[in-house]
Amino acid sequence: MIFRTVRNLLSAAACLVASSASALQYALPLPEVNTLAGSFAELRPNHFHGGWDFRTGGKENLPIYAFADGFISHVVITPGGYGKMVMIDHPDGTTSLYGHLNGFVGELDSVVRMEQYKQRAYAVTLDFPANRFPVKAGQQFAISGNTGGSAGPHLHFEIRRTSDGLMLNPAKHNSLFGVQDNMKPTIYGVKIYGVPGKGEVNGIAEKKYATNAGKATTLREGTTVRAWGKLTLAVKASDKMNNTWFNYGIRKYRLFFNHALISEIHLANFLFDDKRAVNSLVDFKQRALSKEFFVKFSREPGNPLSVYSHMVDNAVIDINEEDKSYPVSIEVEDDFGNVDTFSFIIRGEKNDFPAAPTGYTQLLKQGKHNTFSRPSILLNFPADALYTDVPLFFKQDTVKNMFSRVYDFGTDFVPIHSKFDVSVRIDTDTLTDKSKYVLARLNEKNLVTGVIPAQYIKGYMVGEAKYLSRMAVYKDVTPPTIGTEHILKLRQFPVMKLKIRDNLSGIETYNGYIDGKWVLFEYDPKTSRISCDLRKLGLEEGRTHTLRVEVGDACGNVGVLETNIYY
């Protein structure tokens, strides 16, 4: 077991800090920390970012050290997500997490690899008792990397409350990390919405305004907005830090109307299970269309996040006097107390309200168990699936090459918090091998954009969905493809690399055999690559070996590569 304290790396005064509450000693998880690639609670597609991303200067295989005394409680390896990940439980009731690792050291590495061979799988989950892998602050247990859903080499570091998974802000320990930031955030845009049937802005239901960011605290279109009735607002902003070009998340958002605070959003912490609620915090449709994150100051009734305070009438403002000027101000603040402020005027100008949507097939009620049923399709929504009421504008059509009708609900941009059950009847049940059916997600041109996990049961495709999308039953009869990226000169470059791809249902299994024996291949979906380090296999060197690789998709289609390699 490799053991190093931060005292050997930097001065003890700068890098070893005592916790008065728990008497724990804390150590840097990396040899040094300069800047971040990602901050806590940053807004990401379908989730909040759970911790700090420590930059590693484009390097991999740096030593990773335990943040504090404790024991390794979990090791999880997945192709996506955190990649190779370790969790360490500490005696103060917190757990530190280290993600996107390249590997482990000492006995831990041997135990993990042994379990992978036992399960014949790259993706494994291991749980350890307290006495199996105890660690001290500053003790190395892993090396940094770029595995999983990582866009570049870095260490993803989290702190959670062990009992319930509450995500905690690592900024609390910045006296140890020493991240510098005296740069204020920037407000880039404001979006104003008329409450359906009760408000309008510039004669329409909603309008997005850009700001003169960094130049003046005015709207690019001018300082005055014309509106009438009840309105809600959202803001687009991001943060900067010293010595880096990355954008970071905002910690606090404040909305003032008529000089009074009517909403504050403080992203102090959140439960791991509620990360998906970012889709309710932001304008989900706007993010889907333009990839912009506009944070809404009003709270939807099904939003489980405990981040709102100082709410007045749920931050709904009322513009009810003609020619009156209503001052609006927005503040955003980062982890280090840097603030950007933006102000503008809404002038009352009476207009008719845009008509609220009508003619829907069924209204799904937030907070209730909802069922949508037709002779050939059934949707079951749990009570916590929706953030607000959702009107369904249902229609169906017959499309060539589909094995069911195409079902459209007219609500492509509805965020779903908890998965819902879906069952679709197969109208043309002609495939002999029923495993080849897929429940496909379609775009408006009826092109397949993905699949909903489902299985064939008595003439129906039955599964769970997390998006309310256009759907139909399709087929996947095409096996994955396997290409040789690097299988030559393995004596000089002994990490063999292959490319694997699937056209529809997705890679499900990947198995490699050398001379008839199963060997471990590691899978990196972002590069469509599986790789095998021949140095770890104990192969007889200087001769030809047989290689067989089998890659299967979710429908049981299997692609096979058979060739010889020289090592």
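Residues numbered from 1 in each chain as written. Predicted model: local features only at pLDDT ≥ 70, side-chain atom pairs only at ≥ 80, totals over all residues. Heavy atoms only, no water.

1. Notes on the overall build of the chain
Looking only at helices and strands, one finds five helices and 47 strands in the chain. For 567 residues, the compact-globule estimate of 2.2 N^0.38 gives 24 Å, and the C-alpha radius of gyration of the chain, at 27 Å, lies within 12% of that figure. Each of the three principal axes of the chain carries a C-alpha extent, and together these read 85 × 75 × 40 Å. The buried share of the chain, taken over its 567 residues, is 51%. For the chain, the share of sequence-separated contacts (at least 6 apart) that also reach a separation of at least 24 residues comes to 68%. A total of about 25,500 Å² of accessible surface is found on the chain, and carbon and sulfur atoms cover 49% of it. Counting 66 positive and 60 negative side-chain charges, the chain places the centres of these two groups 3 Å from one another. (Helix = DSSP H or I, 4+ residues; strand = E, 2+ residues; numbered from the N terminus. Rg over C-alpha atoms; globule rule 2.2 N^0.38 Å. Buried < 20%, exposed > 50% of the residue type's maximum accessible area, 1.4 Å probe, protein only. Contact = heavy atoms within 4.5 Å. Areas by Shrake-Rupley, 256 points an atom, 1.4 Å probe, with all protein chains shown as cover. Lys, Arg positive; Asp, Glu negative; His and termini not counted. Charge placed at Lys NZ, Arg CZ, Asp CG, Glu CD.)

2. Description of the pairing of strand 30 (residues 377-381)
Here strand 30 shows a clear split, with Ile377, Leu379 and Phe381 buried on one side and none of Leu378 and Asn380 buried on the other. Sheet topology places strand 29 (residues 370-374) next to strand 30; five bridges connect them, and they run antiparallel. Within strand 30, the residue paired with threonine 371 across the bridge is asparagine 380. Between the end of strand 29 and the start of strand 30, which pair antiparallel, lie two residues. As defined by bridge partners, strand 30 adjoins strand 34 (residues 420-425) across four bridges and the pair is classed as antiparallel. (Pairing = 2+ DSSP bridges.)

3. Topic: the sheet that holds strand 40 (residues 481-486)
Read across the open sheet, the four strands follow the order 40-41-45-44; overall the sheet is antiparallel. Each having just a single partner strand, strand 40 and strand 44 (522-524) make up the two edges of the open sheet. Along the sheet, successive strands turn relative to each other by an average axial angle of 25°, direction set aside. Judged from the five bridges that link them, strand 40 and strand 41 (residues 495-501) form a sheet pairing that is antiparallel. Each residue of the ladder has a partner; that of threonine 484, found in strand 41, is leucine 498. (Axes fitted to C-alpha atoms, helices over the stretch in contact; angles between N-to-C directions.)

4. A short note on the sheet that holds strand 42 (residues 507-514)
Read across the open sheet, the four strands follow the order 43-42-46-47; overall the sheet is antiparallel. In this open sheet, the two edge strands, each paired with only one partner strand, are strand 43 (517-519) and strand 47 (558-566). For this sheet, the mean angle separating the axes of adjacent strands, direction not counted, is 30°.

5. Here's the deal with the pairing of strand 35 (residues 437-442)
Most of strand 35 is tucked away: five of the six residues are buried. As paired elements, strand 35 and strand 39 (residues 471-475) share five bridges and run antiparallel to each other. In the sheet register, leucine 439 faces strand 39, and the bridge partner there is valine 473. Relative to strand 36 (residues 448-452), strand 35 is paired through four bridges, and the arrangement is antiparallel. Note on strand 36: the bridge partner recorded for leucine 439 is isoleucine 452. Taken together, strand 35 and the strand that follows it, strand 36, pair antiparallel across an intervening segment of five residues, in which asparagine 446 is found at a positive phi of about 65°.

6. Let's talk about helix 2 (residues 106-119)
The first and last C-alpha atoms of helix 2 sit 21 Å apart over 14 residues, in line with the 20 Å expected at 1.5 Å per residue. Those residues of helix 2 not exposed but buried are Leu108, Val111, Val112 and Gln116. Across the axial projection of helix 2, the buried residues extend over an arc of 135°, all falling on one side. Helix 2 presents Met114 and Lys118 as exposed residues on the side facing more than 90 degrees away from its buried surface. Tucked inside the fold, the buried residues of helix 2 contact strand 8 (70-77), strand 11 (103-104), strand 12 (124-127), strand 14 (140-143) and strand 43. (Expected span 1.5 Å × (residues − 1). Arc of directions from axis to C-beta.)

7. Section: the pattern of salt bridges
Within the structure shown, the criterion is met by 33 salt bridges. When the shortest N-O distance is used, the salt bridge between arginine 254 and glutamate 264 registers 2.7 Å. Of this pair, arginine 254 sits in strand 20 (residues 252-257) while glutamate 264 sits in strand 21 (residues 260-266), and the two are 10 residues apart along the sequence. Each of the two residues, arginine 254 as well as glutamate 264, counts as buried. Its salt-bridge partner being arginine 470, residue aspartate 408 comes within 2.4 Å of it at the nearest N-O pair. With aspartate 408 in strand 33 (residues 406-408) and arginine 470 in the loop between strand 38 (460-465) and strand 39, the pair connects residues that are 62 residues apart, well separated along the chain. Take aspartate 408 and arginine 470: they sit in the same class, and that class is buried. (Salt bridge = Lys/Arg side-chain N within 4 Å of Asp/Glu carboxyl O.)

8. A short note on the side chain of aspartate 476
Tracing the chain through its elements places aspartate 476 in the loop between strand 39 and strand 40. One buried charged side chain, aspartate 476, makes no salt bridge at all; its nearest oppositely charged neighbour is lysine 436, positioned 8.3 Å away. Engagement of the side chain of aspartate 476 in a polar contact is seen with the side chain of serine 505, the distance being 2.7 Å. With near-sequence residues (within four places) excluded, aspartate 476 lies in contact with Lys436, Val438, Asp502, Asn503, Leu504, Ser505, Asp553, Cys555 and Asn557. (Polar contact = N/O pair within 3.5 Å; in protein donor to acceptor, adjacent residues only side chain to side chain.)

9. Details of the confidence of the model for the chain
Of all residues in the chain, 95% attain a pLDDT of 70 or more, and the chain-wide mean is 93. Low pLDDT, under 50, characterises residues 1-21; the stretch is placed with 45 contacts to residues that sit more than four places away or in other chains. (pLDDT = per-residue confidence, 0-100.)

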